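# Residue-level structural notes
Here is how the chains run, residue by residue.
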Amino acid sequence: MTAGRPFSVHLLGRKRLTAVIAFLALAAGTVLGLGAQNAIWEGWFVDRVFQAKSLLSQKEKNQRAPVAVVGLDQVSLNSDRLATVPRVFMSPVLATAGQAVLDAGAAGVGYDFVFAFSADSFADPHTGEERLRGFDRPFLRFLYQNRGKVFVSRTSTGVPHRAISAAAGTSGVRFAEVTPDTDGVVRRHTPELPLIDSPLLIDALLASADAAISTSYTMIPEHRLASSIPYLSLIDLLALTETEAGREQIKAFSEGRVILFGSTMPNEDEHLYSDRFLPQLTAELAETGESGRPGVRQATAGVFVLADMVGAALSGRIALDPPVGTLALLAFVFAVAGTAAGLLLPLSILPVVAVGGTSVAFGISFLGLQSGYLIAPGVAPVAVIAAMIVAAIGKVGVLQRRQRSLVNLFGYYLSEDVIKQMADSEELPALGGETRHVVVAFLDIVGFTKMSEKLPDHDVVRVVNTCFDMIGQVITKHGGYIDKYIGDAIMAVWNAPNTVENPEQAAVDASREIIALLDEIRKETGQGSLDLRIALNAGPVLVGDIGGEHRRSFTVMGTTVNTASRIESVAKDRKVRLAFSDPVASNLQDGYPVKNIWSGRLRGLSNDTQVFTVDDPAVFIESDVSASLTGNESKQPANLVKFSS
């Protein structure tokens, strides 16, 4: 095993590593997504889904609510009739009110009060006289005569007085406590079957209204409960019992409904409910008595909560748990999406994917709610985000690190583009290639043979490597690709395998910069007589892998390459450091100073070729420029040609 390389690189190929990372991301997304059910923050999303449904759904007009509330509120307690009556002595009043709604046709009556005391048992502390003996008799008679229709509350810490329990009967005393979710908000109810025998007040009231609910359900409120549930102040109900017209109003209010009595006073038996983000029902649409209703507060009165838990089931405003396997499938699908995003997309795009995945999940929950199912809105977002994070970490920490190592290692031998292509596919490119327009350059070290005769071999290698390193940096800087080293020469290409916008200009600019480095190259190598010769040609070539199945090379082939090598001989003959063909000169920028130095037929070619150089003293090997030209040709101004791109 090569030192310094990760064990995973030797153990697994890229495809296997990708598969392992994808599996881990998929598993993490699915498991964490499913684990997000009932998370403390998930309820916030559930309530937001309810809010969206309330704002976007069409409401049914004139749908009569199946449950109404009679409230012991501040108006009642301040009224002339009740201001001097302690609450413990209100049982006769509650009996009168309860009998009134039953006579008006109420399906059932529930008291959200724990009648822990009976006035009948109170005695004068000085004399022991039971002055209130019989005070609760009307209420006890009411409970006894309406067993099966009237229910009183108990809690885990409070039970009704024995006289009241006896009058109501065992089935008439039910638990009124509700169970909140992990975030402390009440959203769902799980009935105990059969409803008629359930110890829960909600179930008893459902049974009294002949409900057929048999499974856990989540209530879907449409407005803030305190503003929307039909409501009468206790004092209003008592006043209505005294006239025939009032009794007709009680009938309109109570007939066919479950009626709940309870306190709506601030800070008394209040709960956080899933209506907290919902709009209030306007006062014109709310069914309310003459004295109005209590104001909407952050927490909701317990009697309203009980009323909605019963009313939601009776009116169908409920969402059931989705079919078995739905959430697992949803988590898996979103984990797949997150895994794909983490592996395939840039890191900068992933936050957008996370937001998009959360939005899609919210939309799915909303559509599920429209179909009567509550699809936990936390599952899908957690699945997609968790999978995406694991996949992205795997990609950056393992795959891209491995690819970068591969590119850095083989970048000394091959083009970076070719290496990335092989790293991504883990396959060798197909033999052959494509035809592309390129610029081919041959860069030769002049005087290499004489130098190598005088220097030891290791010094020769040092000189050549120094030259090639300095020249290679300039070639790469200008977008060129070093195809191969041929002894003391370099073959370079522009526009293959990478794309260069103007390869002719880039090649000439690189050549002139290399020539400008000549003095520095001589200084670094210690060879004052060292010189350079560069030949350029542009045209179509075959670009690709050449060779066999066991040995191959990425290179360029064609007449364009052969012509470039022949132009080098013209540069040698004309004693210039840079020579290039007409296809190169013709594509230089407007006004570029080029000079024609030769025209004729190159060895091995059938057509005439024009060869040019740059009108710059630095490109001439001899200081006397005219010595490099034949006859009077060099002195003719007509030879200073300007080509348009």
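A few points on the structure. Keep in mind it's a predicted model, so treat the numbers as computed, not measured.

Reading across the sheet, the three strands line up as β6-β7-β12 and stay open at both edges, with antiparallel pairing between neighbours. Only two strands of the sheet have a single partner each, and these edge strands are β6 (188–189) and β12 (318–319). Relative to strand β7 (residues 217–219), helix α12 (residues 302–315) is tilted by about 115°, and along the sheet it contacts β6, β7 and β12.

Bringing the packing of aromatic side chains into the picture now. The relative placement of two aromatic rings is captured by the distance of their centres and the angle of their planes. Summed over the entire model, instances satisfying the criterion amount to 14 aromatic pairs. Relative to Phe-122, the ring of Phe-89 has its centre 5.7 Å away and its plane inclined at 70°; by these criteria the two rings are edge-to-face. Here Phe-89 is found in the loop between α4 (74–78) and α5 (91–103), whereas its partner Phe-122 is found in the loop between β2 (108–111) and α6 (137–145), with 33 residues between them in sequence. In textbook terms, an aromatic cluster arises when at least three aromatic residues are bridged by ring pairs, as seen for Tyr-111, Phe-113, Phe-115, Phe-139, Phe-142 and Phe-261. Here the basic side chain of Arg-48 rests over the ring of Phe-277, its NZ or CZ set 3.8 Å away from the ring centre. Lying over the aromatic face of Phe-253, Arg-257 brings its terminal NZ or CZ to 5.8 Å of the ring centre.

Our focus in this paragraph is the packing of helix α3 (residues 42–56) against helix α14 (residues 350–370). The contact between α3 and α14 brings their axes to 10 Å, and the two run at 60°. The element α3 and its partner α14 pack so that their crossing is right-handed. Residue-level contacts link Phe-45, Arg-48, Val-49, Phe-50, Ala-52, Lys-53 and Leu-56 of α3 to Thr-358, Phe-362, Ser-365, Phe-366, Leu-369 and Gln-370 of α14. Residues belonging to the contact of α3 with α14 are distributed by class as follows: eight nonpolar, three polar and two charged.

With that out of the way, let us pick up the packing of α5 against α6. Between α5 and α6, whose axes approach to 7 Å, the crossing angle comes to 35°. Between α5 and α6 lies a crossing whose hand is left-handed. Of α6, the residues touching α5 (which contributes Ser-91, Leu-94, Ala-95, Gly-98, Gln-99 and Leu-102) are Pro-138, Phe-139 and Phe-142. Here the residues of the contact of α5 with α6 sort into six nonpolar, three polar and no charged.

Quick notes on the rules
- Residues numbered from 1 in each chain as written.
- Predicted model: local features only at pLDDT ≥ 70, side-chain atom pairs only at ≥ 80, totals over all residues.
- Heavy atoms only, no water.
- Pairing = 2+ DSSP bridges.
- Helix = DSSP H or I, 4+ residues; strand = E, 2+ residues; numbered from the N terminus.
- Contact = heavy atoms within 4.5 Å.
- Axes fitted to C-alpha atoms, helices over the stretch in contact; angles between N-to-C directions.
- Phe/Tyr/Trp six-rings, centres within 6.5 Å; stacked < 30°, edge-to-face > 60°.
- Lys NZ or Arg CZ within 6 Å of the ring centre and 35° of its normal.
- Left-handed = near helix turned anticlockwise from the far one by under 90°.
- Nonpolar A, V, L, I, M, F, W, Y, C, P; charged D, E, K, R; others polar.

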